[in-house]
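Each chain, letter by letter, is given below.
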Number of protein chains: 4
Amino acid sequence: MSKTINVAMIGQGFMGRSHSNAWGQVKRFFKPELMPVLHTVYGMEFENPKAFADVWDWQNASTNWEETIKDPAIGLIDIVTPNFMHAPPAQAAIAAGKAVACEKPISATLEEAREMSQAAEKAGVESFVWFCYRRTPAVALAYKLVRDGMIGDIRHIRATYLQEWADDSVPFAWRFKKAYAGSGAHGDLNAHIVDMTRFISGLEVTEICGAITETFVKERVVPDGNMTDEELRYSKDIKTGAVKAAVEVDDTTLFLCRFDNGAIGSYEAARQATGNYNRNAFEINGTKGSLKFNFEDMNYLEFFDATRPRPIQGWTKILCTNAVHPYVGNYWPDGHLIGYEHGFTSMAYDILLQLNGQTPTVPLASFTDAYNTQRVLEAALISANEKKWVNMSDVK
Amino acid sequence: MSKTINVAMIGQGFMGRSHSNAWGQVKRFFKPELMPVLHTVYGMEFENPKAFADVWDWQNASTNWEETIKDPAIGLIDIVTPNFMHAPPAQAAIAAGKAVACEKPISATLEEAREMSQAAEKAGVESFVWFCYRRTPAVALAYKLVRDGMIGDIRHIRATYLQEWADDSVPFAWRFKKAYAGSGAHGDLNAHIVDMTRFISGLEVTEICGAITETFVKERVVPDGNMTDEELRYSKDIKTGAVKAAVEVDDTTLFLCRFDNGAIGSYEAARQATGNYNRNAFEINGTKGSLKFNFEDMNYLEFFDATRPRPIQGWTKILCTNAVHPYVGNYWPDGHLIGYEHGFTSMAYDILLQLNGQTPTVPLASFTDAYNTQRVLEAALISANEKKWVNMSDVK
Amino acid sequence: MSKTINVAMIGQGFMGRSHSNAWGQVKRFFKPELMPVLHTVYGMEFENPKAFADVWDWQNASTNWEETIKDPAIGLIDIVTPNFMHAPPAQAAIAAGKAVACEKPISATLEEAREMSQAAEKAGVESFVWFCYRRTPAVALAYKLVRDGMIGDIRHIRATYLQEWADDSVPFAWRFKKAYAGSGAHGDLNAHIVDMTRFISGLEVTEICGAITETFVKERVVPDGNMTDEELRYSKDIKTGAVKAAVEVDDTTLFLCRFDNGAIGSYEAARQATGNYNRNAFEINGTKGSLKFNFEDMNYLEFFDATRPRPIQGWTKILCTNAVHPYVGNYWPDGHLIGYEHGFTSMAYDILLQLNGQTPTVPLASFTDAYNTQRVLEAALISANEKKWVNMSDVK
Amino acid sequence: MSKTINVAMIGQGFMGRSHSNAWGQVKRFFKPELMPVLHTVYGMEFENPKAFADVWDWQNASTNWEETIKDPAIGLIDIVTPNFMHAPPAQAAIAAGKAVACEKPISATLEEAREMSQAAEKAGVESFVWFCYRRTPAVALAYKLVRDGMIGDIRHIRATYLQEWADDSVPFAWRFKKAYAGSGAHGDLNAHIVDMTRFISGLEVTEICGAITETFVKERVVPDGNMTDEELRYSKDIKTGAVKAAVEVDDTTLFLCRFDNGAIGSYEAARQATGNYNRNAFEINGTKGSLKFNFEDMNYLEFFDATRPRPIQGWTKILCTNAVHPYVGNYWPDGHLIGYEHGFTSMAYDILLQLNGQTPTVPLASFTDAYNTQRVLEAALISANEKKWVNMSDVK
């Protein structure tokens, strides 16, 4: 007789698919004591949540998120709407005293993030933000190696999240509009690498020491079409209006920073870094060793152990597909690679563990944790826009 | 109103999990016109097929495979039992006029393979062997590039499938016994690379020009225990009997060969190639270019295009995670890696296409195709054991 | 009857060996019309220039550099003294109307660099700075590919020069003293990558948008010993004095910048980036393609050609060891790697070409060119120290 | 007062350049107690040995090798003529009681090799064969790691030497004629990898278990021209004669073998392995670890240490450019790559050490050692040609 928890997912889209897959697959690969039930998926009329529910085996489809969240049968609210629509359902879930999980970035504005963090803490509800890369086995291993002192004191963190999809020919879409997307590469990509490196290192940024934010392609073509404002705002490409529309978000954002232990960091997010499909990557240098990771080779962690005899020192490419590596033993036999989606499945399992009073394999990001990542992003923007150094204690 | 086909799976174990996952996931990522229904899973009493069915959402569990195969509701029989138990259910399925899919290697002996091939052809039923690596996007791309003449005439094929798990400390188990396992590294691993390179190149072996088969660890420790003979034969490790048992299968098998177009090949399977977890790898050199693949980096295909201007010639590492690459567009957005299991899901889709009269993305291996791979393996063993060259036309 | 030019080298040390090797080897691998004669090497008494001359086949040894420079037999002055001793012999050479080559960075202060640049231009003498990496075949190929439009308009430049030798245990030495070394990682390493990326891209920095300079190890142990001040200043480790001495130069310096075409850049030099022996590396992203280089794999250039059909796009790893690659044909047959020292030999050849009125394979850096690299370094330091954005037009 | 030894080099060509460079450079990077003097270079009239001597600083040029070898001033004879011209000067040198070094393969026929080995042993002269790759720092490190037991007992050796230069468009030349070249890829390339793996492993081949030798391009175009027979035989491309000439040597040779400790080996040499410029590569798997090397990345050795804790096991890519690595400390500071030519310089140093009664860094190959490598090559050819297993004790 296993315990169960009913899950309601608010939203669909790419992340809706990733989360549905995770909630469906978790029981096949893990044996959670608290078993998730795919109870209800919410979508807007035009999104046809019923069809989505059929594909992903949600028991119910809803077009009214307020009601869904209030439904006493539901134990966990999982939010996958566009960034600007994270706060309202999250606050509703907190108000209803329910556990709540939310896609990253936690919100479109820092103010919303702060309010979400404060509300969750005050209400004492469990909150989670889907920084799924923490559960890539190689990243979770990096976390453990740092905890075990394997790289000593950290001196350098350099992280990049480089993509190339936004070349000049890509048409205008909701994601180029600030009101809907919040930001561009910065919120989309830097959010991941700031969380990932804070998580692994345990360090906090104290100062932003310069930043650049840039939009290379200032205008993009707007194809003809007749969409409702609702369609446009929520998930579809913008097809109405003028021949060209102004891009309102960044193509790239870089910043330099200092950490609380004296280490130095550099971060870069880009959407026009030709040749980089999904280079979510970091290198961390410590006094005893170093770590390197690139999501394009997500099953590998590179480790340099400076305590080994010098003639055999080098970068060791660890293929993290052994049962001894975090999460891996639950999937396939040694040496069989897993992919992008498994980070979500592993995270679903860890959420279930935590809701059941058990300890997740590696820590999960709460709303407060995600708010602190958001503060770093905000500080970087202030630095870039006002051309000044920014002390993190001034960013609330 | 989609058409459906009821699937019965004969067997459980590692491959049972892989196939169950494929049949369950195919509807989420593809839109097959012919939709699979996970109707019945068969297992032996001690395997508890009911519990397996619960985890993987099979509608029924059976402990009588003969009845299951005869059940008129079932349209497709999928066989994942140990190698020596492939032929009986396969022949029963053919006799019942049903489509049949079987794990690789197709059988424990060449004779069985020949009979299965002949029976399927005579009965006119669709037959499939799960050479799942054909559907790794990088491998499917290799197939297409060869078809498009991108590497010209093939001169060299070198393939290795190297593992390291069978070190001296590994205890005795069913897989070291010839009666149950058929062979060791040769049938387990060379089967894959012979199929994969025949598939990609379109070439057939004409002569084996030397071979070595070796068992480095002659005896292995047998732990105490009291298992039934049935448990022992089908899926469990051997725990009864003497303190040490003789290993009856090969740790490694290598062979050299010639192909029908004059090309030269070398193959090696090993289980004690320290440092290699799952190096299922090939390199093919042609007059216009070359291809390289290693399953430990399964999302990449390396392509050398010798028709490019010389100063920029080099090995191009193609990250096969774009919607234009085979199968990829059905999973996640560009740049998001897939893993081992997706080869099975993609193959489930292609089986459904073929059963529905449609054309699979890349060709599927029939029993006859698998029989021809098995002939190459048999010829290599004859060469090694009798220390002689073997002409393929002498191996039936 | 070949023409000859007598060379005098001012200084010895590591760079003295590199240059001596280059002047000696150039005739063996190239066929310069203007042939160099290793006429005189200058060193201080304690350096024993006679012994050095014997090893490297210099015809004469001198301990008086002023006289050597004035010697009418000498046509080219080559300066390899410590940074703070570049300007005096360079100015003497210019005053004597002689061609002058100088190690990088051109000088210890920006003021000196400006004066050297102006003096050389005014006197109309040929001046060269040994940015040897320009002549790495892979780097020279990158230069040519950018000129040929192969990567389109440049959007991103990211460059790092990471080393690891300066860990906490390394004792104090002259190179940690500002008066002798000028700067630390910044002048030593960023000088190379600023020159290299300016050279390849043809772009100029317009603004520094933040920077960090840091000394992690504030004090280092000073071993006992009794060295003259002269020894200490010029080339030997500091062994006298107190138990610990304060480090006066940077361990690491990073900066962000904008280029004149709108591109964005990031630069980092470090001496404690554990695991990186000599990672002199860049990545340049353009609208049509990208380039990547790492000196630890110096025979390779990686090129991503975004104009290729999408299914076969990828990073092409070009092994630049073919006769068609710059300089390579002069050394060994195709496929035989060259090393660090050959950049110097190739540069010696290009200097001889230019002095003979011929065109070097790729452009050489003049004093003015090096001064402009030095301006960028100075601007970065101002940014880091004064915590502000710096417009390049304000740095003279 | 250093001791000196006068060297005479018999032959010129590519290897003549490599050796001249080594004899010239050795004094600059090492400090041999026994110092080499580049006394005389021999070449045929048409080769113009005087011009060669000028470039490489040989004191004398000779066109009579018999006289040169007899010259009492000469202490060491170094032979770099084509393979079929190794034995005569080597035997003359031995007869004169002089130390003799010879390029690889030691001779064109096994009989010559046996006679050279026997003659050198009987005369008690020092003999050396230029298997220069033993002195690549990464290879020498591999040798040391095996000696230190770091990989345990060896189970697998797989070695390839792949090139691509001999595509169908390459015209006929002396190297395609058996009388002059001895053999094709087999003698040229397999000689290196057989020596290298024998050297590193310390194992000897006991049986050849199959082999293939093939000439893909049976005929090649012969350009017009009028060369003397002498020119043609010794070093120049064949330009006279018929429109097409039959290729008499192999394009590729592969073989399988067993070693005296029970390990298994596979070897392949190829000249049409498109995309491989100089892939002189091996992988050795032992019970405790593995080693990998590829000359296209010659500064790296890959080491898998199976005794490390499992979660951090992986292939460590050792950049062998540290002063602790064999030979490296004599060249440039840590992290500065060396190239192909340095293997020769390091070998010249080791020859001088041995002639001076000192111990070389790693063992040198004597004529007897090279003869044993030649026996393996001969056995492989017998296996391929006669289609049978060959016991090494039958090959003398």
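Whatever comes next refers back to the structure up there.
These lines cover the structure that appears in this document, whether it is placed above or below.

### Section: unusual backbone geometry
Consideration 1: Note the cis peptide between Lys104 of chain B and Pro105 of chain B, where omega equals -15°.
Consideration 2: Structurally, Pro105 of chain B can be placed in the loop between strand E5 (99-102) and helix H5 (110-123).
Consideration 3: Unlike most non-glycine residues, Lys387 of chain C shows phi in positive territory, near 50°.
Consideration 4: With respect to the element layout, Lys387 of chain C can be found in the loop between helix H11 (367-386) and strand E17 (390-391).
Consideration 5: Residue classification places Lys387 of chain C among the partly exposed residues on the basis of a relative accessible area of 43%.
Consideration 6: With a phi angle near 75°, Tyr327 of chain D is a residue other than glycine that sits in the positive phi range.
Consideration 7: With respect to the helices and strands, Tyr327 of chain D occurs in the loop between strand E16 (315-319) and helix H10 (342-355).
Consideration 8: Of the residues examined, Tyr327 of chain D reaches a relative accessible area of 5% and is grouped as buried.

### Some remarks on the interface of chain C and chain B
Consideration 1: Listed by partner, the interface residues are 19 residues for chain C and 19 residues for chain B.
Consideration 2: Carbon and sulfur atoms supply 56% of the area that chain C and chain B bury against each other, a total of about 1,400 Å² over both sides.
Consideration 3: If you sort the residues of chain C by the area they bury against chain B, Arg308, Pro311 and Ile312 of chain C come out on top, with a joint share of 34%.
Consideration 4: Counting every contact that joins chain C to chain B gives two salt bridges.
Consideration 5: Among the salt bridges present, the one from Asp305 of chain B reaches Arg308 of chain C, with a minimum N-O distance of 2.8 Å.
Consideration 6: For the pair chain C and chain B, the interface holds seven residue pairs in polar contact (both at pLDDT 80 or more).
Consideration 7: Secondary-structure elements contributing two or more residues to the side of chain C that touches chain B are helix H6 (137-147), strand E15 (300-305) and strand E16 (315-319) of chain C.

### Remarks on the sheet that holds strand E5 (residues 99-102) of chain D
All names here are of chain D.
Consideration 1: Overall, parallel pairing links the six strands, which are arranged E3-E2-E1-E4-E5-E6 in an open sheet. The open sheet has two edge strands, strand E3 (60-62) and strand E6 (127-129), and neither has a second partner. Looking at each pair of strands side by side, their axes are set apart by 25° on average, direction ignored.
Consideration 2: As judged from the three bridges shared by strand E2 (residues 34-42) and E3, these two strands associate in the parallel manner. The partner of Thr40 across the bridge, within E3, is Asn60.
Consideration 3: Sheet strands in contact with helix H1 (residues 13-29) are strand E1 (3-10), E2 and strand E4 (76-79), and its direction is about 150° off that of E2.

### A closer look at the environment of Arg375 of chain D
Residue and element names in this part refer to chain D.
Consideration 1: With respect to the helices, strands and loops of the structure, Arg375 is situated in helix H11 (residues 367-386).
Consideration 2: Residue classification places Arg375 among the buried positions, given a relative accessible area of 15%.
Consideration 3: For Arg375 and Leu110, which are 265 residues apart along the polypeptide, the C-alpha to C-alpha distance reads 6.7 Å.
Consideration 4: Dropping the residues within four chain positions of it, Arg375 is found in contact with Leu110, Met392, Ser393, Val395 and Lys396.
Consideration 5: A polar side-chain atom of Arg375 sits 2.7 Å from the main-chain carbonyl oxygen of Val395.

### Here we look at the relation of the copies chain C and chain B
Consideration 1: When chain C is fitted onto chain B, the two copies agree to an RMSD of 0.0 Å after a turn of 180° and an axial shift of 0.0 Å. Viewed as a symmetry operation, the transformation between the two copies matches a two-fold axis. It is Thr316 of chain C whose C-alpha, among those of chain C, lies nearest the rotation axis, at 1.9 Å.
Consideration 2: With an isologous cut-off of 70% or more, the 100% of interface residues of chain C that recur at the interface of chain B puts this contact in the isologous class.

### Some remarks on the packing of helix H1 (residues 13-29) of chain B against helix H10 (residues 342-355) of chain B
All names here are of chain B.
Consideration 1: Between H1 and H10, the shortest axis-to-axis distance is 8 Å and the interhelical angle comes to 60°. Here H10 runs oblique to H1, going by the angle between their axes. Relative to H10, H1 is oriented so that their crossing is right-handed. Within the contact between the two elements, H1 uses Met15, Ser18, His19, Asn21, Ala22, Trp23, Gln25 and Val26 and H10 uses Phe344, Thr345, Ala348, Tyr349, Ile351 and Leu352.
Consideration 2: The residue inventory of the contact of H1 with H10, partitioned by class, reads nine nonpolar, five polar and no charged.

### Looking at the relation of the copies chain A and chain C
Consideration 1: Mapping chain A onto chain C is achieved by rotating through 180° and translating by 0.0 Å along the same axis, at an RMSD of 0.0 Å.
Consideration 2: The fraction of interface residues of chain A whose copies in chain C are also interface residues reaches 100%, indicating that both copies meet through the same surface.

### Things to note about the interface of chain A and chain C
Consideration 1: The partner chain C presents 51 residues to the 51 residues of chain A that form the contact.
Consideration 2: Of the roughly 3,800 Å² buried where chain A meets chain C, counting both sides, 53% is carbon and sulfur surface.
Consideration 3: Three residues, Arg155, Thr274 and Trp389 of chain A, lead the burial of chain A against chain C; their summed loss comes to 18% of the area buried on that side.
Consideration 4: Across the contact surface, chain A and chain C share 12 salt bridges.
Consideration 5: There are 29 residue pairs in polar contact (both at pLDDT 80 or more) connecting chain A and chain C.
Consideration 6: Counting residues per element, the side of chain A that touches chain C draws most heavily on strand E8 (residues 205-214) of chain A, which supplies seven residues.
Consideration 7: Per-class residue counts for the side of chain A that touches chain C are 20 nonpolar, 17 polar and 14 charged.

### Re the packing of aromatic side chains
Consideration 1: Counted according to the given criterion, the structure contains 98 aromatic pairs over all chains.
Consideration 2: Judged by centre distance (6.4 Å) and plane angle (85°), the rings of Phe295 of chain C and Tyr340 of chain C are edge-to-face. Taken together, the residues Phe295 of chain C in the loop between strand E14 (289-294) and E15 and Tyr340 of chain C in the loop between E16 and helix H10 (342-355) connect sequence positions 45 residues apart. As far as the burial class goes, Phe295 of chain C and Tyr340 of chain C line up, both buried.
Consideration 3: Summarising the aromatic geometry, the rings of Phe30 of chain D and Tyr331 of chain D are spaced 5.5 Å apart at their centres and angled 90° between planes, so their arrangement reads as edge-to-face. Here the residue Phe30 of chain D occupies a position in the loop between H1 and E2, and Tyr331 of chain D occupies one in the loop between E16 and H10, the gap between them amounting to 301 residues. With respect to burial, Phe30 of chain D and Tyr331 of chain D carry one shared label: buried.
Consideration 4: It is Arg220 of chain D that lies over the ring of Phe176 of chain D; its NZ or CZ is 4.4 Å from the centre.

### Concerning the pattern of salt bridges
All names here are of chain A.
Consideration 1: In the structure shown here, the tally under the stated rule is 88 salt bridges over all chains.
Consideration 2: In this structure, the salt-bridge partner of Arg198 is Glu204, at a minimum N-O distance of 2.9 Å.
Consideration 3: Three or more residues are tied together by salt bridges with common partners; here these are Arg134, Asp195, Arg198, Glu204 and Asp369.

### Quick look at a positive patch on the surface
Consideration 1: On the surface, Lys317 of chain A, Lys317 of chain B, Lys317 of chain C together with Lys317 of chain D cluster together to form a positively charged patch.
Consideration 2: On the secondary structure map, Lys317 of chain B appears in strand E16 (residues 315-319).
Consideration 3: Overall, Lys317 of chain B belongs to the partly exposed group, its relative accessible area being 33%.

### Some thoughts on the side chain of Asp250 of chain C
All names here are of chain C.
Consideration 1: Take Asp250: it is sitting in the loop between strand E10 (244-246) and strand E11 (252-259).
Consideration 2: Salt bridges are absent for the buried Asp250, whose nearest opposite-charge side chain, Arg271, sits at 6.3 Å.
Consideration 3: A distance of 2.8 Å separates a polar atom in the side chain of Asp250 from a polar atom in the side chain of Thr253.
Consideration 4: With near-sequence residues (within four places) excluded, Asp250 lies in contact with Ser183, Gly184, Ala185, His186, Thr213, Glu214, Thr215 and Arg271.

What counts as what
- Residues numbered from 1 in each chain as written.
- Chains lettered and ligands numbered in written order.
- Predicted model: local features only at pLDDT ≥ 70, side-chain atom pairs only at ≥ 80, totals over all residues.
- Heavy atoms only, no water.
- Helix = DSSP H or I, 4+ residues; strand = E, 2+ residues; numbered from the N terminus.
- Buried < 20%, exposed > 50% of the residue type's maximum accessible area, 1.4 Å probe, protein only.
- Contact = heavy atoms within 4.5 Å.
- Buried area = accessible area lost by both parts, 1.4 Å probe.
- Salt bridge = Lys/Arg side-chain N within 4 Å of Asp/Glu carboxyl O.
- Polar contact = N/O pair within 3.5 Å; in protein donor to acceptor, adjacent residues only side chain to side chain.
- Pairing = 2+ DSSP bridges.
- Axes fitted to C-alpha atoms, helices over the stretch in contact; angles between N-to-C directions.
- Least-squares fit on C-alpha atoms with pLDDT ≥ 70 in both.
- Parallel < 35°, antiparallel > 145°, perpendicular 65-115°, else oblique.
- Left-handed = near helix turned anticlockwise from the far one by under 90°.
- Nonpolar A, V, L, I, M, F, W, Y, C, P; charged D, E, K, R; others polar.
- Phe/Tyr/Trp six-rings, centres within 6.5 Å; stacked < 30°, edge-to-face > 60°.
- Lys NZ or Arg CZ within 6 Å of the ring centre and 35° of its normal.
- Patch = residues over 30% accessible without salt bridge, like charges linked within 9 Å, V, L, I, M, F, W, Y side chains within 5 Å.
- Areas by Shrake-Rupley, 256 points an atom, 1.4 Å probe, with all protein chains shown as cover.
- Lys, Arg positive; Asp, Glu negative; His and termini not counted.
- Charge placed at Lys NZ, Arg CZ, Asp CG, Glu CD.

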